[in-house]
Amino acid sequence: MEKEFSNANDEEILEFYKKVSQNVRNLREQNGISQLDLALEIGIKSVAFYSNCENNRYGKHFNLEHIYKISKALNVKMSDILKDID
């Protein structure tokens, strides 16, 4: 029997990334900003990469630097991006 060395399984982590992405999308849309404009504002030159992060495609997701820059660009607290995450 193999011992689990993590306090969170892969499914929990995927749900975490999905919730962060959904919060980013909701905040972006509330501010009337396109994916392209937000991607460029935070220094991502590929809207495809940004879209993949926002939609959790191909294992792509936002990292802490992205979350920090997104919060600045949308003028929201980082906790708003992380809300409703248990």
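About the cut-offs
- Residues numbered from 1 in each chain as written.
- Predicted model: local features only at pLDDT ≥ 70, side-chain atom pairs only at ≥ 80, totals over all residues.
- Heavy atoms only, no water.
- Buried < 20%, exposed > 50% of the residue type's maximum accessible area, 1.4 Å probe, protein only.
- Helix = DSSP H or I, 4+ residues; strand = E, 2+ residues; numbered from the N terminus.
- Contact = heavy atoms within 4.5 Å.
- Salt bridge = Lys/Arg side-chain N within 4 Å of Asp/Glu carboxyl O.

Here we take up helix α3 (residues 47-54). All of the buried residues in α3 are Tyr50, Ser51, Asn52, Cys53 and Glu54. Looking at the buried residues of α3, the elements they touch are α1 (10-30) and α2 (35-41). One or two residues past the end of α3 sits Asn56, with phi positive at roughly 55°.

On to the pattern of salt bridges. Any two side chains of opposite charge can pair, on the condition that their charged atoms come close. Within the structure shown, the criterion is met by five salt bridges. With a shortest N-O distance of 2.8 Å, Arg28 and Glu54 are connected by a salt bridge. Of this pair, Arg28 sits in helix α1 while Glu54 sits in helix α3, and the two are 26 residues apart along the sequence. The class of Glu54 is buried, set by a relative accessible area of 4%. Among the charged side chains, a network of salt bridges with common partners joins Arg25, Arg28, Glu29 and Glu54.

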